[in-house]
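# Structure at a glance
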Amino acid sequence: IAGITQAPTSQILAAGRRMTLRCTQDMRHNAMYWYRQDLGLGLRLIHYSNTAGTTGKGEVPDGYSVSRANTDDFPLTLASAVPSQTSVYFCASSDGFGELFFGEGSRLTVL
Amino acid sequence: QQPVQSPQAVILREGEDAVINCSSSKALYSVHWYRQKHGEAPVFLMILLKGGEQKGHDKISASFNEKKQQSSLYLTASQLSYSGTYFCGTEQDNTGKLIFGQGTTLQVKP
C-alpha cells in the first residue's frame, strides 16, 4: 500500500541519548516534512526538504537534524534528547499540488 | 509565524453550522485545511490559492481573503463524522513551507 511509513511507532528514551526517527515514502514525492505535535500548540514544522539533497529549517529546528540522501527517506535525528522533546512526531510528503500526506506518527517520550 | 485560529473549540448538535477562522499577520500564498481525528494523522480537506476561487466539497467549504490574510472554513449541516480537530496551514510563498495554526476542536453531538 502506497504511503508514508514512520518508525518507531512509540519510543521511551533516556535524556542525553541519540535517537533517529525514520520516515520512508513510496509515492515519489519531492517534498518531505517533519512536524511535532504538542497539546495546545498544534503542528509545528521542524525541518523540511523540497527535493533530495536539500533541507531547510522550520519553526522549531533546534536540537534536531535531518538528511535527504534520496527521494524516499527523510530521517529525523535528535543528537542528545531532552525532556522538552517529548512529543508526537509526524512525517509528511507533498505531491507538489499542495496536499500533504502524513504518516501515522511516532510518539516519543524523553525521561 | 504561526497563524491564529478561532474559536479554540466548538460544540455543535447534528445539523448545525459552524465557521472556523484562520488569520495570519503575513501576506499569504496559500491556505490549507486539515482535519485530525483523535489518535490519527491529519487528513487534507482543501487548499485555497492566492487569486483562486472559494473551494468546497460536500457540505464543507472555505474562503480566502487575500487582503486580510484570513481564511474561513464553513461546515454546513454538521454530521457526527465532522468531529475532530481542524488545522489551517499557511504558506507565505510558493516554497512548500507550511505553518499550521494551533487547531480548533469541533465536537458534534447527536
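Above this text sits the structure in question.
This report concerns the structure included in the present document.

Reading the values: the criteria
- Residues numbered from 1 in each chain as written.
- Chains lettered and ligands numbered in written order.
- Predicted model: local features only at pLDDT ≥ 70, side-chain atom pairs only at ≥ 80, totals over all residues.
- Heavy atoms only, no water.
- Helix = DSSP H or I, 4+ residues; strand = E, 2+ residues; numbered from the N terminus.
- Rg over C-alpha atoms; globule rule 2.2 N^0.38 Å.
- Buried < 20%, exposed > 50% of the residue type's maximum accessible area, 1.4 Å probe, protein only.
- Areas by Shrake-Rupley, 256 points an atom, 1.4 Å probe, with all protein chains shown as cover.
- Lys, Arg positive; Asp, Glu negative; His and termini not counted.
- Charge placed at Lys NZ, Arg CZ, Asp CG, Glu CD.
- Disulfide = S-S within 2.5 Å.
- Contact = heavy atoms within 4.5 Å.
- Buried area = accessible area lost by both parts, 1.4 Å probe.
- Salt bridge = Lys/Arg side-chain N within 4 Å of Asp/Glu carboxyl O.
- Polar contact = N/O pair within 3.5 Å; in protein donor to acceptor, adjacent residues only side chain to side chain.

### With respect to the overall build of chain A
- Within chain A, the secondary structure is distributed over zero helices and 11 strands.
- For 111 residues, the compact-globule estimate of 2.2 N^0.38 gives 13 Å, and the C-alpha radius of gyration of chain A, at 13 Å, lies within 12% of that figure.
- Dimensions of chain A, computed from C-alpha atoms along their principal axes, come out at roughly 40 × 25 × 25 Å.
- Burial statistics for chain A: of 111 residues in total, 50% are counted as buried.
- As displayed, chain A offers around 5300 Å² of accessible surface, 52% of which is attributable to carbon and sulfur atoms.
- Across chain A, 9 positive and 9 negative side-chain charges occur, with their mean positions spaced 10 Å apart.

### A look at the state of the cysteines
Residue and element names in this part refer to chain A.
- The final tally for this structure, using the stated rule, is two disulfides over all chains.
- Here Cys23 connects covalently by a disulfide to Cys91, the sulfurs 1.9 Å from one another. Here Cys23 and Cys91 share a disulfide; its torsion about the S-S bond, -75°, makes the bridge left-handed. Placement of Cys23 in strand E3 (residues 19-25) and of Cys91 in strand E9 (residues 87-94) is noted, with a sequence separation of 68 residues between them.
- For Cys23, a relative accessible area of 2% puts it in the buried group.

### A few points about the interface of chain B and chain A
- Listed by partner, the interface residues are 18 residues for chain B and 22 residues for chain A.
- Three residues, Pro42, Lys97 and Phe100 of chain B, lead the burial of chain B against chain A; their summed loss comes to 28% of the area buried on that side.
- Taken together, chain B and chain A are joined by zero salt bridges.
- Remark: the boundary between chain B and chain A carries five residue pairs in polar contact (both at pLDDT 80 or more).

### Observations regarding the pattern of salt bridges
All names here are of chain A.
- Applying the stated rule across the entire model yields three salt bridges over all chains.
- A salt bridge links Arg28 to Asp72; the shortest N-O distance between them is 2.9 Å. Of the two residues, Arg28 is situated in the loop between E3 and strand E4 (31-38) and Asp72 in the loop between strand E7 (64-66) and strand E8 (76-78); the sequence distance between them amounts to 44 residues.
- Under the relative-accessibility criterion, Asp72 is labelled partly exposed at 23%.
- A salt bridge links Asp38 to Arg44; its shortest N-O distance comes to 2.9 Å.

### A few points about the side chain of His29 of chain A
All names here are of chain A.
- As for its placement among the helices and strands, His29 is situated in the loop between E3 and E4.
- Of the residues examined, His29 reaches a relative accessible area of 8% and is grouped as buried.
- Apart from residues no more than four positions distant in its own chain, His29 is found in contact with Arg68, Thr71, Ser93, Ser94, Asp95 and Phe101.

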